[in-house]
Amino acid sequence: MPAHVVVGTQWGDEAKAKVVDYLAENIDAVARYNGGANAGHTVAVGDETFIFHLIPSGILRSRTKCILASGVAVDLEQLFIESNELVERGIVVEGNLLISEDAHVVMPYHKALDIARNKRAGGIGTTARGIGPVYADKHAYCGIRAGDLFDRKRLIEKLEIALVEKNVVFEQLYKMPTFDPERIAAELEPYIRKIEPFVANTSLIINEMLDEGKTVLFEGAQGTMLDIDHGTYPFVSSSNPIVGGVCVGAGIGPQHIDRIIGVVKAYITRVGSGPMVSELTNDDGEYLREKGGEYGATTGRPRRCGWFDCLVLKHAKRVNGLTEVALTKLDVLDGLETIKICEAYSYKGERITELPKNAAALNECEPILTEIPGWQEDTSQITQYEDLPENARNYVSSLEEIIGCPVTFIGVGPKRSQTIKVPR
Ligand code: IMP
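Residues numbered from 1 in each chain as written. Predicted model: local features only at pLDDT ≥ 70, side-chain atom pairs only at ≥ 80, totals over all residues. Heavy atoms only, no water.

1. Thoughts on the packing of helix α2 (residues 76–88) against helix α6 (residues 181–195)
Item 1. Direction vectors running N to C along α2 and α6 enclose 60 degrees, while the axes themselves pass 10 Å from each other. In terms of orientation, α2 and α6 fall into the oblique class. As α2 packs across α6, the resulting crossing turns out to be left-handed. For the pair α2 and α6, contact is made by Leu76, Glu77, Leu79 and Phe80 and by Leu188, Tyr191, Lys194 and Ile195, respectively. (Axes fitted to C-alpha atoms, helices over the stretch in contact; angles between N-to-C directions. Helix = DSSP H or I, 4+ residues; strand = E, 2+ residues; numbered from the N terminus. Parallel < 35°, antiparallel > 145°, perpendicular 65-115°, else oblique. Left-handed = near helix turned anticlockwise from the far one by under 90°. Contact = heavy atoms within 4.5 Å.)

2. Things to note about the pairing of strand β15 (residues 324–328)
Item 1. Taken across its five residues, β15 has five buried, putting it largely inside the fold.
Item 2. The alternating pattern of β15 places Glu324, Ala326 and Thr328 on one face and Val325 and Leu327 on the opposite face, and all of these are buried.
Item 3. Two strands pair when backbone bridges link them, and strand β11 (residues 257–265) and β15 are joined in this way by five bridges, in the parallel orientation. Each bridged residue has a counterpart across the sheet, and for Val263 the counterpart in β15 is Ala326. (Buried < 20%, exposed > 50% of the residue type's maximum accessible area, 1.4 Å probe, protein only. Pairing = 2+ DSSP bridges.)

3. Some words on the site of the ligand
Item 1. The immediate surroundings of the ligand are formed by 15 residues, with Asp13, Asn38, Thr127, Ser237 and Arg301 found nearest.
Item 2. In this structure, an oxygen atom belonging to the ligand sits 2.8 Å away from a side-chain N or O atom of Asn38.
Item 3. In this structure, an oxygen atom belonging to the ligand sits 2.5 Å away from a side-chain N or O atom of Ser237.
Item 4. Considered on its own, the ligand offers 470 Å² of accessible surface; in the complex 97% of this is hidden by protein. (Near = heavy atom within 4 Å. Polar contact = N/O pair within 3.5 Å; in protein donor to acceptor, adjacent residues only side chain to side chain. Areas by Shrake-Rupley, 256 points an atom, 1.4 Å probe, with all protein chains shown as cover.)

4. Examining helix α9 (residues 283–291)
Item 1. For α9, the full list of buried residues reads Gly285, Leu288 and Arg289. Each buried residue of α9 lies within a common arc of 100 degrees when the element is viewed along its axis, so the set occupies one face.
Item 2. Buried positions along α9 lie against β13 (304–306).
Item 3. Measuring from the backbone nitrogen of Asp284 back to the side-chain oxygen at the start of α9 gives 3.1 Å, which picks out Asn282 as the cap.
Item 4. Of the residues one or two after α9, Gly293 is the one with positive phi, at around 60 degrees. (Arc of directions from axis to C-beta.)

5. Remarks on the nonpolar core
Item 1. Ranked by internal contacts, the top residues of the largest apolar core, which has 70 residues, are Phe218, Leu330, Tyr345, Tyr395 and Ile410.
Item 2. Among the nonpolar cores identified, the runner-up in size contains 45 residues, and Val43, Ile99, Ala146 and Ile184 belong to it. (Core = buried A, V, L, I, M, F, W, Y, C linked by side-chain atoms within 4.5 Å.)

6. Description of helix α5 (residues 152–173)
Item 1. End to end, α5 covers 30 Å across 22 residues, agreeing with the expected 32 Å (1.5 Å per residue, within 8%).
Item 2. Residue Leu163 marks the point of greatest curvature in α5, where the axis turns by about 45 degrees.
Item 3. Those residues of α5 not exposed but buried are Leu155, Ile156, Leu159, Ala162, Leu163, Lys166, Asn167 and Phe170.
Item 4. Summarising the contacts, the buried residues of α5 are in contact with α3 (108–119), α4 (131–139) and α6.
Item 5. Regarding α5, its N-cap is Asp151, as a side-chain oxygen of that residue lies 3.2 Å from the backbone nitrogen of Lys153 further along. (Expected span 1.5 Å × (residues − 1). Bend = angle between axes of the 7 residues up to and from the residue.)

7. Some points on the side chain of Arg32
Item 1. Of note, Arg32 is situated in strand β2 (residues 29–32).
Item 2. Of the buried charged residues, Arg32 lacks a salt bridge, with Glu219 as the closest side chain of opposite charge at 5.5 Å.
Item 3. Within the structure, the side chain of Arg32 is placed 3.0 Å from the backbone oxygen of His53, a separation counted as a polar contact.
Item 4. Reaching out from Arg32, the side chain makes a polar contact with the backbone oxygen of Leu54 at a distance of 3.5 Å.
Item 5. Once residues lying within four places of it in the same chain are set aside, the contact partners of Arg32 are Ala39, His41, His53, Leu54, Pro56, Ile67, Leu68, Ala69, Val72, Glu219 and Ala221. (Lys, Arg positive; Asp, Glu negative; His and termini not counted. Salt bridge = Lys/Arg side-chain N within 4 Å of Asp/Glu carboxyl O.)

8. Topic: the packing of α3 against α5
Item 1. Where α3 contacts α5, the axes come no closer than 11 Å and their chain directions differ by 25 degrees. The orientation of α3 with respect to α5, classified from their angle, is roughly parallel. The way α3 lies across α5 gives a crossing that is left-handed. Contacts between α3 and α5 involve Tyr109, Ala112 and Leu113 on the former and, on the latter, Leu159, Ala162, Leu163, Lys166, Val169 and Phe170.
Item 2. Residues belonging to the contact of α3 with α5 are distributed by class as follows: eight nonpolar, no polar and one charged. (Nonpolar A, V, L, I, M, F, W, Y, C, P; charged D, E, K, R; others polar.)

9. Side note on the pattern of salt bridges
Pairs can form between side chains of opposite charge once their charged atoms are near each other.
Item 1. Applying the stated criterion across every chain, the model contains 27 salt bridges.
Item 2. For Arg154, the salt bridge identified is with Asp148, shortest N-O distance 3.3 Å.
Item 3. Owing to a relative accessible area of 38%, Arg154 belongs among the partly exposed residues under this scheme.
Item 4. With relative accessibility at 8%, the residue Asp148 sits in the buried group.
Item 5. Lys153 is paired through a salt bridge with Glu157; the nearest N and O atoms lie 3.5 Å apart. In this pair, Lys153 and Glu157 both sit in helix α5, four residues apart, roughly one turn of the helix.
Item 6. According to the relative accessible area criterion, Glu157 is partly exposed, its value standing at 39%.

10. Structural notes on the side chain of Ser100
Item 1. Locating Ser100 in the fold gives a position in strand β7 (residues 97–100).
Item 2. Separated by 2.9 Å, the side chain of Ser100 and the backbone nitrogen of Asp102 make a polar contact.
Item 3. Beyond its immediate chain neighbours, meaning those up to four positions away, Ser100 contacts Leu68, Ala69, Ser70, Ala146, Val199, Ala200 and Thr202.

11. Some words on the pairing of strand β3 (residues 41–45)
Item 1. In this sheet, strand β4 (residues 48–52) lies alongside β3 in antiparallel orientation, the contact comprising five bridges. Bridged to Val45 within β4 is Glu48.
Item 2. Remark: two residues form the turn of the hairpin made by β3 and β4, two consecutive strands paired antiparallel; Gly46 in that turn has positive phi of roughly 60 degrees.

12. A short note on the sheet that holds strand β1 (residues 3–8)
By way of backbone hydrogen bonds, the strands of a sheet pair with one another, either parallel or antiparallel.
Item 1. Strand order in the open sheet formed by ten strands is β9-β7-β5-β2-β10-β1-β11-β15-β19-β20, and the pairing between neighbours is mixed. Two strands in the sheet have a free side with no partner beyond their single neighbour: β9 (199–200) and β20 (419–421).
Item 2. Judged from the three bridges that link them, strand β19 (residues 407–411) and β20 form a sheet pairing that is antiparallel. Considered in β20, the bridge of Gly411 is made with Thr419.
Item 3. Contacting β1, β2, β10 (216–219), β11, β15, β19 and β20, helix α1 (residues 16–23) crosses the sheet at an angle of about 160 degrees to β1.

In structure tokens form, the structure reads like this:
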């Protein structure tokens, strides 16, 4: 029966994969429900580091089934790069990974379009993984789904339909070469044969597992502020990372969900364009970037850093109905004299405490910061909550009060072992 959800509450990169990996020990299946290879999920186990873009982080736990549900945009090439790397490192993938027959497949023309649009006026600085274009095709009834790959004739017909308009755009607007359906099908052929045993009706499988009393963990990619409906549009991704995306993107009813774990970084980061009110463009921002290793796992771009933003978190708590919080990267704040929290915005001379949804309004907001004392101790080896410095515990309590739900885990470093379970 129980379905747990691990959801990003900020702009992605909250270290969700570490939380998923930690929880996956006692979980029967981990399912991704949104996004694609735009994600970059990093897990450190012992001295080894794994970076996943597509495959759920649960794959590192041998008894956990891993599922790419229908809401995921599947990049076949990336999938096999990742699975080959895992196999080389002794991780069993075959038999442990399932892909929804309804999941849309990223085609080469999606990536080409994404790259071309990034360069044009209005480009938002995407990860260039073809994500916007693949979801656009899904909603324009001309996407290619995993289940469409195996009948060559039908695949070519679908590619022809998908390319009718796009080839005109490539040729005339972007002055780029056009795409040929036969050639795409031929190039994908080796991947298509490999993927066949993995493709299944994953909604049915997940529901059967839940009905049998097994526990399924849903791993969100990106974060609430990048949600296409509830983020800072248009500076968002094209899927629904919020908890509502689980029901749509995995095909389950909401009554199964009993835990909604919001992953909250102890400060904020963002990659790509868009408003970020408490952004730090000074030495403090540089300090957080270097100490936190804040460089994109997918694109290597430096992440923009800022102080913890209460308005973002209140919004995330509301739209996700968080039941608990996993606070990550607390150790990055070690050594700071004082820590600031953005408790409100100043907008047109007024103090506001709820997030304006309009990107233009957000750009006019200034942060109103409160300061709390930092701590000098190294927290990275601490394993018990009561051993954290008093000021660190005070910071955690302040965040708990602001968010309005309990912090149940605290991350004090990238490794699986650097996780504090908060006694409740
Ligand atoms: P796209 O998802 O590649 O279309 O990019 C849209 C926006 O979301 C850009 O600002 C990206 O930088 C951002 N984005 C997408 N995926 C992630 C992620 O996993 N972490 C952080 N930002 C992301």
